[in-house]
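Okay, here's what each chain looks like letter by letter:
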Amino acid sequence: MTDFSTDDARKLMNRIFAPWILELGLEPLSFDANGSDFRLPENPALVHAGNVVCGQAIASAADSAIVITLAAINGRFRMCTTVDFSTHFIRPIPPGAADIRVDVLSSGKRMAYCRVEFRSAGSDKLAATVTSAFAYLED
């Protein structure tokens with residue numbers, strides 16, 4: 001893994017993501033050889049009528065965090081697309097911030113496989129998981 005900073009991540013996010021994804025407020029916290037840590041900050045716009053963070057926000061944050069993590073692992077952004085995405089909601093995330101951990105299970109020439117875990121900020125209880133496969137569209 002190359003040196004990929006949170007500033008690099010923010011610049012890349014601003015360059016490649018749609019405006020509504022940026023409105024999630026996803027915050028890159030750190031990158032390591034196996035993945036990354038992000039924070040989904042408290043955002044009342046992401047809370048639905050059941051007074052929990054909506055699943056669409058969780059799925060969007062996971063997909064977006066994976067793209068940035070793959071850029072960090074690869075040392076650059078490689079155009080990619082989601083080809084498989086499975087989400088499991090284990091317990092609700094109440095209004096407030098959520099901690100996100102992305103682990104890259106494999107990143108090869110054409111495909112990457114990742115796992116994402118969500119927890120309410122400061123909690124050790126797993127709230128949601130995502131497993132995903134991405135196809136690289138360039139070398």
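Before reading further, recall that the structure is shown in the block above.
Residues numbered from 1 in each chain as written. Predicted model: local features only at pLDDT ≥ 70, side-chain atom pairs only at ≥ 80, totals over all residues. Heavy atoms only, no water.

Asker: In this structure, what is going on with the nonpolar core? I would like to understand it.
Answerer: General note: in soluble globular proteins, nonpolar side chains tend to be found buried as a group. Ranked by internal contacts, the top residues of the largest apolar core, which has 42 residues, are Phe4, Phe38, Ile68, Leu70, Ile100, Val116 and Phe118. Listing elements by their share of this core, those giving two or more residues are α1 (6-16), β2 (35-40), α3 (55-74), β4 (98-107), β5 (111-120) and β6 (126-136). Among the elements that line this core, the one with the most residues is α3, at 12 residues. Non-local contacts of Phe4, meaning those with residues more than four positions away in its chain, are made with Ala9, Leu12, Phe31, Ile68, Ala71 and Ala72. (Core = buried A, V, L, I, M, F, W, Y, C linked by side-chain atoms within 4.5 Å. Buried < 20%, exposed > 50% of the residue type's maximum accessible area, 1.4 Å probe, protein only. Helix = DSSP H or I, 4+ residues; strand = E, 2+ residues; numbered from the N terminus. Contact = heavy atoms within 4.5 Å.)

Asker: I would appreciate a short explanation of unusual backbone geometry in the present structure.
Answerer: Trans is the prevailing form of peptide bonds, just as negative phi is the prevailing case for residues other than glycine. At Asn51, a position not held by glycine, the phi torsion is positive, near 65°. Its location among the elements puts Asn51 in the loop between β2 and α3.

Asker: Would you mind showing me how to read the packing of α1 against α3 here?
Answerer: When two helices pack together, you describe them by how their axes are tilted relative to each other and by the distance separating the axes. At a minimum axis separation of 11 Å, α1 and α3 run at an interaxial angle of 125°. Overall, the two elements α1 and α3 adopt an arrangement that is oblique. Note that α1 runs across α3; the crossing there is right-handed. Listed contacts from α3 to Ala9, Leu12, Met13 and Ile16 of α1 are Val67, Ile68 and Ala71. By residue class, the composition of the contact of α1 with α3 is 7 nonpolar, no polar and no charged. (Axes fitted to C-alpha atoms, helices over the stretch in contact; angles between N-to-C directions. Parallel < 35°, antiparallel > 145°, perpendicular 65-115°, else oblique. Left-handed = near helix turned anticlockwise from the far one by under 90°. Nonpolar A, V, L, I, M, F, W, Y, C, P; charged D, E, K, R; others polar.)

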